[in-house]
Amino acid sequence: MALITFESVGLSYGGDNVAHDVSFSVQSGEFWGIIGENGSGKTTLMKALLGLIPCASGRIVLGDGLKPNEIGYLPQSSVIQKDFPASVDEVVLSGTIGWRGMKPFYGKKERALARKNMEMLGILPIAKKSYQELSGGQQQRVLLARALCATRKCLVLDEPTTGLDPVVTAEFYRLLNTVNQNGMTIIMVSHDVEEAVRSCTHILHLSCHPLYIGTAAEYKNSPIGRKYLKETAL
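Remember, it's a predicted structure, so these values are computed and weren't measured experimentally. (Residues numbered from 1 in each chain as written. Predicted model: local features only at pLDDT ≥ 70, side-chain atom pairs only at ≥ 80, totals over all residues. Heavy atoms only, no water.)

## Section: the packing of aromatic side chains
So, point 1. Taken as a whole, this structure holds three aromatic pairs when the rule is applied.
So, point 2. On the numbers, 5.0 Å between centres and 70° between planes, the contact of Y212 with Y219 is edge-to-face.
So, point 3. Ring pairing ties together the aromatic residues F6, F24 and W32, which thus form one cluster. (Phe/Tyr/Trp six-rings, centres within 6.5 Å; stacked < 30°, edge-to-face > 60°.)

Here you go:
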């Protein structure tokens, strides 16, 4: 059974239909890039997957024992995120809240997982620093580590490189590919079509008719892929 299946999903935002009859399956270990023009329903699709909003039609089915509160989520950057009044390790540990139950304190299991993810993302040396004092790239690593602490199976990322410079962006995508190669399924909304095609295994292009749903390699050679990649390169 697929990890996530979208069955004829329709989505609405602000009373307007933004997507309809979206059907595809995500298998464990895949890296999906969700692309399309503004207003095409990319972020709305992610919110429906997370159970934050209902589908206007159809349904989203989770398999392999995956539950909505076990999906790691890295939202778009916001002022709130940048102003976390906490240390790096406290922010990362907060990712375990969804699955650790009603325990009032973090235990050895949670701390070991946080340490493992901070070490993998190269932020263990700054574990005791204030999150507010970090650079944008460091903050995104911290939030990625927090999202990894929330899940063992699936990460959802919404425009994770917005506001980052090209060097930091390239490094962040390298980290995502490492995480994916370690077995994590990733679904990422992105405005960076070229990088999505380069990094992802599969592409869902929402703002075209019919929708493009397939591998990244096939997307590059499809009519919509050739058109869109040429336009973004201008």
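Text resumes after the structure shown.
## Examining helix 4 (residues 108-120)
Residue pairs spaced three or four apart in an α-helix point in one direction, given the helix's 3.6 residues per turn.
So, point 1. Between its first and last C-alpha, helix 4 extends 18 Å over 13 residues, near the 18 Å set by a 1.5 Å rise per residue.
So, point 2. Within the sequence span of helix 4, burial applies to E110, A114, N117 and M118. The buried residues of helix 4 occupy one face: seen down the axis, they fall within an arc of 100°. In this structure, helix 4 carries K108, K116 and E119 as exposed residues pointing more than 90 degrees from its buried face.
So, point 3. Buried residues along helix 4 sit in contact with helix 3 (88-93) and helix 5 (136-149).
So, point 4. Immediately beyond the C-terminal end of helix 4, within one or two residues, lies G122, with a positive phi of roughly 75°. (Helix = DSSP H or I, 4+ residues; strand = E, 2+ residues; numbered from the N terminus. Expected span 1.5 Å × (residues − 1). Buried < 20%, exposed > 50% of the residue type's maximum accessible area, 1.4 Å probe, protein only. Arc of directions from axis to C-beta. Contact = heavy atoms within 4.5 Å.)

## Focus on unusual backbone geometry
So, point 1. The residue D21 is not glycine, and still its phi comes out positive at about 55°.
So, point 2. Here D21 lies in strand 2 (residues 16-26).

## Digging into the confidence of the model for the protein
So, point 1. For the protein, the average pLDDT comes to 89, and 94% of its residues sit at 70 or higher.
So, point 2. Within the protein, no element has a lower average pLDDT than helix 2 (residues 79-82), which sits at 53, and none a higher one than strand 3 (residues 31-35), at 97. (pLDDT = per-residue confidence, 0-100.)

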